[in-house]
Amino acid sequence: MSATPLSPTLADAIGRYCAARDAVSALCAETSDEGFHRAPPDGGWSVAECIEHLLVSGGKMAAKLEPALAAARTAGRLATPAAARAPVRLGWFARFFVQSTGPGKPGRAAPARVRTRPPFDPGDPRARGRTRDAVGADFAALQERLIAIAGAADGLDLAGVKIESVLASWIRVPLGGWFLAIAGHQERHLDQARRALAAIAAAPEGAKA
């Protein structure tokens with residue numbers, strides 16, 4: 001399989017996974033251990049919690065996608081040559097799902113608030129001994145896994161093969177929609193991590209302690 005997928009949807013997703021990997025590497029490099037784990041003054045997630053949430057959710061979704069891709073290829077669920085080279089066409093629900101899990105405008109919280117349920121709650125990374133280096137390395141490994149999965153999906157029917165969410169069986173999204181949703185979800189929480197750092201930097205000295 002070529003390094004660059006035929007599908008522009010998959011190529012877009014892979015490019016965004018690479019950008020997220022680089023963004024996390026930069027966040028880890030520019031943040032102290034204390035700042036990495038410190039919650040912002042408003043009580044939101046710390047940088048560590050934002051990234052850990054992406055590790056938990058991304059790992060669960062990767063484990064769901066891998067066997068689904070293998071099953072689809074075995075079943076011959078392939079796209080037509082024209083469809084394989086075109087952006088995936090999603091229905092209204094899939095478009096809504098991708099948009100609702102994605103980021104808001106740069107520097108602002110996403111307009112659609114989604115409550116994080118226990119299976120995806122990052123908990124307290126510091127209490128579990130999750131260092132900045134460990135979290136960063138695990139995220140880089142997750143991105144390589146997602147890039148490989150996206151590459152393996154090239155040529156499949158990205159609009160017709162639907163996969164259940166790990167959160168609720170009634171949520172069924174086309175394969176192409178999942179790759180876009182994962183990318184948008186990462187961008188959403190990396191933007192949240194940047195806003196957390198900015199809030200900590202802007203807080204009065206007493207509030208930073």
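Residues numbered from 1 in each chain as written. Predicted model: local features only at pLDDT ≥ 70, side-chain atom pairs only at ≥ 80, totals over all residues. Heavy atoms only, no water.

Caption draft 1: Looking closely at the overall build of the protein chain. A tally of helices and strands in the protein chain yields eight helices and two strands. Beginning at the N terminus, the succession of helices and strands in the protein chain can be written as α-α-α-α-α-α-β-β-α-α. By the burial criterion, 45% of the 209 residues in the protein chain qualify as buried. For the protein chain, the proportion of contacts with a sequence separation of at least 24, taken over those separated by at least 6, is 84%. Accessible surface, the protein chain: about 10600 Å² in total, of which carbon and sulfur atoms supply 57%. (Helix = DSSP H or I, 4+ residues; strand = E, 2+ residues; numbered from the N terminus. Buried < 20%, exposed > 50% of the residue type's maximum accessible area, 1.4 Å probe, protein only. Contact = heavy atoms within 4.5 Å. Areas by Shrake-Rupley, 256 points an atom, 1.4 Å probe, with all protein chains shown as cover.)

Caption draft 2: Geometry of the side chain of Ser-57. By the element assignment, Ser-57 lies in helix 3 (residues 47–74). In contact with Ser-57, other than residues within four places in its own chain, are Phe-120 and His-185.

Caption draft 3: Representation of the packing of aromatic side chains. Evaluated as defined, the whole model comprises two aromatic pairs. Considering the side-chain rings of Trp-92 and Phe-93, the 5.9 Å spacing of their centres and the 85° angle between planes classify their relative orientation as edge-to-face. By relative accessible area, which is 25% here, Phe-93 ends up partly exposed. An angle of 75° between the planes, with centres 5.2 Å apart, marks the rings of Phe-97 and Trp-178 as edge-to-face. Remark: Trp-178 occurs in helix 7 (residues 175–202) and Phe-97 occurs in helix 5 (residues 92–101); sequence separation between them is 81 residues. (Phe/Tyr/Trp six-rings, centres within 6.5 Å; stacked < 30°, edge-to-face > 60°.)

Caption draft 4: Helix 6 (residues 132–152), seen in detail. Between its first and last C-alpha atoms helix 6 spans 31 Å; for 21 residues at 1.5 Å apiece the expected length is 30 Å, and the two agree. Looking at helix 6, one finds that the buried residues are Arg-132, Val-135, Gly-136, Phe-139, Leu-142, Gln-143, Leu-146, Ile-147, Ile-149, Ala-150 and Gly-151. (Expected span 1.5 Å × (residues − 1).)

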